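Chains, contacts and geometry: an overview
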Amino acid sequence: MQLPSPNLTWESKYQANAGFDLGLFKNRISLAFDVYKNITKNLLLQVSQPLSVGFEERWDNVGEIVNTGAEISISTVNIKTKNFEWNTDFNINFNKNKLRNLPSAIIKTGSWAISQIYQNGGNLYEFYMPKWLGVNPQTGAPQWEVLTKDPNGNVTGQQATSDYSAATFQEVGSALPKFQGGITNQWKYKNISLSVNAYFLSGNKVFSNNLRFVMNDGNEPYLNQIVLPKGYSMWTNPGDIATNPSPQNTANSTETSSRYLMDGSFLSIRNITLSYSLPASVISKLKVEGITLSVSADNVHTFTKFVGQDPQTTITPRAFVTPGVSDFKYPNNRQFLFNINFRF
Amino acid sequence: MKSRFILFITCLYLVGTGCVKDISPSDSITSETLTNSPDGLRNAVTGSYSLFKDHVTFNGTQDDNLMYLRQYFQLSDFASDDIVNAQVTTDPLWYSFTLDHTPTQTNTRYFWYISYKIINNANAVIEAGEKISNPDVAAKQLIGECYFLRAFCHFNLVRFFATPYTHDPAAPGIILRTSLSDESKKTRSAVGEVYESIISDGEKAADLMNQQRGVMYASKEAAWALLSRVNLYKEDHAKTIEYADKVIGSGRFTLTDETSFPQLFKNASAATETIFCLAFTQNDDYGKFGSIASMIFSDGNSGWGEEFASSSLRDVMNPHPEDIRWSYIVPLKDGNGNLVKKNGIETYYISKFSFQENSPTLSSPVMFRLAEMYLNRAEGKAKSGQPSQALDDLDAIRKKRGLTSSLYNQQLPSGKTILDVVLLERRIELAFEGHRNFDVYRNKKNMDRSYWGYHLPGLKETDVNLATAPSGYANLSVSWNSPRIIYYIPVDEIQSNPMCIQNQ
């Protein structure tokens with residue numbers, strides 16, 4: 001069952017692109033550069049409804065998104081000798097987006113009351129929740145920020161509260177990265193080649209939802225607790241400057257707030273492959289065109305300061321998937337493969 | 001030339017089809033077409049009843065925890081002095097014990113959502129029904145049931161989310177949804193207006209319902225029972241008594257006795273005392289993860305075993321070990337016959353939601369039963385200067401509960417007020433059925449929770465000393481005028497409906 005949306009219409013996209021491709025030094029360096037400005041009008045969105053209408057959401061056309069950004073890709077042949085070659089492919093994309101022409105702010109609240117706000121001048125997937133202010137050094141209780149505002153909505157004061165329900169919901173960062181890209185390096189020496197592929201992104205926030213369970217300050221003795229990561233500490237005595245509240249004074253400490261909102265930047269080594277092609281002298285006896293032996297490793301390592309299972313989350317909005325929320329999931333498996341490739 | 005022509009045709013095709021937006025799926029039913037098929041109304045009403053027991057998808061996931069009735073009983077009785085918590089948890093049910101409520105707690109968010117889903121379903125049937133020119137008895141019955149369900153859900157919402165009527169009828173109540181064409185953004189009506197709407201719906205329901213479909217469906221008597229309860233909360237004593245009289249006088253129900261009372265809750269839909277229950281079948285046995293019983297009862301593996309009958313309740317029942325109402329309080333003993341403790345708290349399971357078809361996790365929760373009508377009437381009489389008649393009503397129940405040798409016989413025990421004894425009887429009789437916390441606060445009494453349990457913030461098992469009462473903790477007593485006797489309006493409503501103001 002759903003609410004009717006009688007005036008629903010298509011989203012429309014208006015794109016402007018400019019760019020150039022450049023080859024330098026006999027194409028040892030090739031460069032592609034693109035800038036764009038994309039405007040999406042009549043944005044199709046599942047708009048949250050007051051729950052008192054008996055439905056959670058309704059399709060509606062609301063407002064516009066403006067995406068501006070640049071894409072750069074560079075391929076270079078760093079070294080090229082008779083027996084040795086080193087190539088690098090690098091690409092990076094910077095993107096900025098702004099919402100505009102919304103009739104009013106739209107707040108979408110999903111599982112665990114994790115909300116995101118759509119408002120004029122704001123980012124897409126902007127997290128909207130109480131701001132965590134750490135632990136009260138005197139009492140060991142959790143603290144959140146309360147903002148006082150004048151009638152025009154301007155912030156006139158701020159203070160800390162240990163009463164979660166009194167905390168102010170506010171914008172605390174977007175799930176969209178400021179830039180992202182990939183880099184692949186390949187080294188070849190005679191018949192041996194090594195390639196390393198990495199992916200990175202930066203400037204986004206990820207809500208690390210599993211922490212509410214595995215870092216719950218003693219609120220749930222049935223669940224395993226993580227060893228506190230470096231830089232985290234538990235309040236024990238008055239005067240302690242701690243990150244985690246006293247287990248004796250935890251009221252609402254695991255409720256949704258920026259406590260579990262982390263910098264989602266990471267650099268992930270996705271794949272390393274080492275391969276060896278059998279020399280022509282061997283091949284010719286076997287009446288095949290080529291044989292390549294290779295070992296490869298997938299999901300090798302992720303460098304990140306993110307605390308949680310995995311900073312890689314979906315930012316594709318689907319029904320009831322809050323973009324940028326990292327929850328319990330089946331882990332990415334690290335694969336090691338040995339391949340033999342025959343070409344006839 | 002040829003290619004240009006094809007392009008032109010293609011464009012024409014796009015333009016032509018682009019305008020056809022209104023294609024209804026062949027199986028779609030709109031609120032306008034609800035009455036077109038003979039079963040339409042009945043199916044829609046049946047669907048509303050199942051919303052009380054289904055785990056309806058919320059925020060894109062189906063959660064075993066979330067079920068109207070599960071939330072109904074945890075939000076009410078866990079906030080009372082009848083049930084004690086023996087294990088801290090991140091499940092928001094814990095906030096009913098600690099009173100650390102938040103607008104973001106998932107159990108109130110779901111309860112709010114699903115309540116209004118039932119209400120809006122009812123509205124759809126009511127509006128479709130109004131278009132039937134000459135409704136027969138069956139159609140009227142169904143429309144009446146929807147008025148009943150709307151009143152019942154609005155009443156439960158106003159009890160959980162708004163100041164009691166007796167404290168301030170002008171306080172913000174809840175959002176009344178009585179029409180499908182309502183603006184989605186709407187203010188909260190005052191508590192008094194909400195009660196008026198509930199009473200008007202209840203009266204319409206009683207008028208329209210003239211067909212018996214069994215106690216698992218609403219009936220004329222169920223509407224009267226609701227009206228008796230609503231007027232009790234409103235302290236309209238005459239109406240409370242009038243509607244209780246109507247139910248008692250209908251002759252449809254009789255009080256269970258010493259032998260049948262222990263069978264009542266496992267056999268609710270066939271019990272002589274049941275006015276209205278929400279029928280569960282074996283298909284609806286949600287076991288450990290999703291049943292009501294799993295919160296408060298375990299046969300060893302069927303429940304979580306974390307919430308028990310409180311020492312406070314057992315203390316007031318102790319003078320009468322022969323009271324048959326003890327049959328729903330089940331002590332857990334180890335192999336040597338010693339009482340088992342959980343984190344220092346004595347394990348007394350509650351079995352009012354168990355043993356239908358012998359399953360420890362299955363029952364058809366009783367929403368209205370005859371004993372409550374006697375108790376409503378007794379309270380109405382007690383508050384309108386008819387104490388001996390009130391005591392007669394209490395005795396009518398006590399006779400059937402193994403207390404024939406301890407009747408009041410119109411004599412008020414010394415040192416007690418008539419309201420004291422009425423509320424005591426009500427507490428013991430209706431324990432764990434979602435009444436106690438409302439009964440305490442609407443009568444402007446404080447909730448005494450000075451017993452050991454994890455509602456006391458920061459309690460450790462080693463602190464528990466059952467030989468003495470706890471002292472020095474927060475939450476030992478909850479004042480009747482504390483803002484925390486009710487819950488916050490869920491965050492989703494506040495954020496999408498700026499006209500709805502939050503509770504203190």
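Anyway, here's the lowdown on the structure attached to this text. None of these values were measured; they are calculated from a predicted model. (Residues numbered from 1 in each chain as written. Chains lettered and ligands numbered in written order. Predicted model: local features only at pLDDT ≥ 70, side-chain atom pairs only at ≥ 80, totals over all residues. Heavy atoms only, no water.)

The number of helices and strands found in chain B is 17 helices and 10 strands. The globule rule puts the C-alpha radius of gyration for 504 residues at 23 Å, and the 25 Å found for chain B is close to it. Expressed along its principal axes, the backbone C-alpha trace of chain B runs to roughly 105 × 55 × 45 Å. By residue count, 58% of the 504 residues in chain B fall in the buried class. (Helix = DSSP H or I, 4+ residues; strand = E, 2+ residues; numbered from the N terminus. Rg over C-alpha atoms; globule rule 2.2 N^0.38 Å. Buried < 20%, exposed > 50% of the residue type's maximum accessible area, 1.4 Å probe, protein only.)

For the rest of this paragraph, the subject is the overall build of chain A. Looking only at helices and strands, chain A features two helices and 21 strands. Computed over its C-alpha atoms, the radius of gyration of chain A comes to 26 Å, more than 25% above the 20 Å expected for a compact globule of 344 residues. Taken over the C-alpha atoms alone, chain A extends approximately 80 × 55 × 45 Å along its principal axes. When burial is assessed residue by residue, chain A has 42% of its 344 residues classed as buried. Here chain A displays about 18400 Å² of accessible surface, and carbon together with sulfur accounts for 56% of that area. Mean positive and mean negative side-chain charge positions of chain A (29 and 24 charges, respectively) differ by 13 Å. (Areas by Shrake-Rupley, 256 points an atom, 1.4 Å probe, with all protein chains shown as cover. Lys, Arg positive; Asp, Glu negative; His and termini not counted. Charge placed at Lys NZ, Arg CZ, Asp CG, Glu CD.)

Taken together, the contact pairs 36 residues of chain A with 41 residues of chain B. Where chain A abuts chain B, roughly 3200 Å² becomes buried across the two surfaces, and 49% of that area is made up of carbon and sulfur atoms. In terms of surface lost to chain B, no three residues of chain A exceed A:Leu51, A:Ser52 and A:Tyr222, which account for 20% of the buried area on that side. Counting every contact that joins chain A to chain B gives zero salt bridges. Of the residues belonging to the side of chain A that touches chain B, the class tally is 16 nonpolar, 16 polar and four charged. (Contact = heavy atoms within 4.5 Å. Buried area = accessible area lost by both parts, 1.4 Å probe. Salt bridge = Lys/Arg side-chain N within 4 Å of Asp/Glu carboxyl O. Nonpolar A, V, L, I, M, F, W, Y, C, P; charged D, E, K, R; others polar.)

All names here are of chain A. Along strand E7 (residues 106-109), one buried face is formed by Ile106 and Lys108 and the opposite face, lined by Ile107 and Thr109, is buried too. Summarising the sheet, E7 and strand E8 (residues 115-118) pair through four bridges and their orientation is antiparallel. Following the sheet pairing, isoleucine 106 is matched in E8 by tyrosine 118. Taken together, E7 and the strand that follows it, E8, pair antiparallel across an intervening segment of five residues, in which tryptophan 112 is found at a positive phi of about 60°. (Pairing = 2+ DSSP bridges.)

The subject of this paragraph is the packing of aromatic side chains. The geometry of two aromatic rings is summed up by the distance between their centres and the angle between their planes. All told, the structure shown has 47 aromatic pairs over all chains when counted by the stated rule. Judged by centre distance (6.3 Å) and plane angle (65°), the rings of B:Tyr49 and B:Phe276 are edge-to-face. With a gap of 227 residues between them, B:Tyr49 in helix H2 (residues 40-50) and B:Phe276 in strand E2 (residues 274-277) connect regions that are remote in the sequence. When the ring centre of A:Tyr14 is taken as reference, the NZ or CZ atom of A:Lys41 above it lies at 4.7 Å. (Phe/Tyr/Trp six-rings, centres within 6.5 Å; stacked < 30°, edge-to-face > 60°. Lys NZ or Arg CZ within 6 Å of the ring centre and 35° of its normal.)

Glancing now at the side chain of B:Asp439. When you line up the elements, B:Asp439 lands in helix H16 (residues 436-442). For B:Asp439, a relative accessible area of 4% corresponds to the buried category.

Our next topic: the pattern of salt bridges. All names here are of chain B. With the rule as written, the count across this model stands at 35 salt bridges over all chains. Across the salt bridge formed by aspartate 201 and arginine 150, the nearest N and O atoms sit 2.8 Å from each other. With aspartate 201 in helix H7 (residues 191-208) and arginine 150 in helix H6 (residues 137-161), this residue pair connects regions lying 51 residues apart in the sequence. There is no split in this pair, since aspartate 201 and arginine 150 are both buried. Between aspartate 393 and arginine 377 there is a salt bridge, with its nearest N and O atoms 2.7 Å apart.

A word on the nonpolar core. Counting 143 residues, the largest nonpolar core has B:Leu69 and B:Phe148 as the members making the most contacts within it. No other element matches H6(B), which puts 15 residues into this core. When neighbours within four sequence positions are excluded, B:Phe148 is seen to be in contact with B:Ala205, B:Met209, B:Ala218, B:Ala222, B:Ala223, B:Leu226, B:Phe276 and B:Phe368. Core analysis: the next-biggest nonpolar cluster, separate from the first, contains 28 residues, A:Leu99, A:Val172, A:Ala175 and A:Phe213 among them. (Core = buried A, V, L, I, M, F, W, Y, C linked by side-chain atoms within 4.5 Å.)

We now examine the environment of B:Phe148. Residues and elements named next belong to chain B. Relative to the helices and strands, phenylalanine 148 resides in helix H6. Exposure remark for phenylalanine 148: the relative accessible area of 1% places this residue in the buried category. Once the C-alpha coordinates of phenylalanine 148 and lysine 204 are considered, the two residues, 56 residues apart in sequence, prove to be 8.3 Å apart.

Looking now at helix H15 (residues 418-429) of chain B. Between its terminal C-alpha atoms H15(B) stretches 17 Å, which fits the 16 Å expected from 12 residues at 1.5 Å a residue. Most of H15(B) is tucked away, with 10 of its 12 residues classed as buried. (Expected span 1.5 Å × (residues − 1).)

A word on the packing of helix H13 (residues 370-383) of chain B against helix H14 (residues 387-398) of chain B. All names here are of chain B. The contact between H13 and H14 brings their axes to 7 Å, and the two run at 165°. In terms of orientation, H13 lies roughly antiparallel with respect to H14. In terms of crossing hand, the pair formed by H13 and H14 is left-handed. Between H13, through Ala371, Tyr374, Leu375, Arg377, Ala378, Lys381 and Ala382, and H14, the contact on the second element is made entirely by Pro387, Gln389, Ala390, Asp393, Leu394, Ala396 and Ile397. The residue inventory of the contact of H13 with H14, partitioned by class, reads 10 nonpolar, one polar and three charged. (Axes fitted to C-alpha atoms, helices over the stretch in contact; angles between N-to-C directions. Parallel < 35°, antiparallel > 145°, perpendicular 65-115°, else oblique. Left-handed = near helix turned anticlockwise from the far one by under 90°.)

Residues and elements named next belong to chain A. Strand order across the open sheet formed by three strands is E17-E16-E20, with mixed pairing between neighbours. In this open sheet, the two strands that pair with only one neighbour each are strand E17 (261-263) and strand E20 (325-326). As paired strands, strand E16 (residues 205-208) and E20 are joined by two bridges and run parallel to one another. If you follow phenylalanine 207 over to E20, its bridge partner there is valine 325.

Residue and element names in this part refer to chain A. Taken together, the side chains of Tyr189, Ile192, Leu274, Tyr276, Val295, Phe338, Ile340, Phe342 and Phe344 define a hydrophobic patch exposed on the protein surface, amounting to about 940 Å² of accessible area. At the level of secondary structure, the elements contributing two or more residues to the nonpolar patch comprise strand E18 (266-277) and strand E21 (335-343). Broken down by element, the residue count for the nonpolar patch peaks at three residues, all from E21. Tracing the backbone through its elements, the reader meets isoleucine 192 in strand E15 (residues 192-202). (Patch = residues over 30% accessible without salt bridge, like charges linked within 9 Å, V, L, I, M, F, W, Y side chains within 5 Å.)

A separate point is the sheet that holds E7(A). Residue and element names in this part refer to chain A. Pairing in this open sheet of four strands is antiparallel, and the strands run E7-E8-E9-E13 from one edge to the other. The outermost strands of the open sheet, each flanked by one partner alone, are E7 and strand E13 (169-174). Here the average twist between neighbouring strands, direction ignored, is 40°. Pairing of strand E9 (residues 126-130) with E13, which is carried by four bridges, proceeds in the antiparallel orientation. Its bridge partner lying in E13, methionine 129 is registered against glutamine 170.

So, on to the side chain of B:Thr89. Positionally, B:Thr89 belongs in the loop between strand E1 (83-85) and helix H4 (94-98). Residue classification places B:Thr89 among the buried positions, given a relative accessible area of 7%. The contacts of B:Thr89, once residues within four sequence positions are left out, are A:Asn219, A:Glu220 and B:Trp94.

Residues and elements named next belong to chain B. The full count for this structure, using the stated rule, is zero disulfides over all chains. Cysteine 153 takes part in no disulfide bond, and the closest cysteine sulfur, belonging to cysteine 146, lies 11 Å away. The thiol of cysteine 277 is not disulfide-bonded; the next cysteine sulfur, from cysteine 153, is found 16 Å away. (Disulfide = S-S within 2.5 Å.)

Attention now moves to the packing of H7(B) against helix H8 (residues 220-234) of chain B. All names here are of chain B. Interaxial distance between H7 and H8 falls to 8 Å at its minimum, and their mutual angle equals 160°. Of the possible angle classes, the one that applies to H7 and H8 is roughly antiparallel. At the point where H7 passes H8, the crossing takes the left-handed sense. Judged by residue contacts, Tyr195, Ile198, Ile199, Gly202, Glu203, Ala205, Ala206 and Asp207 of H7 engage Lys220, Ala223, Trp224, Leu227, Val230, Asn231, Tyr233 and Lys234 from H8.

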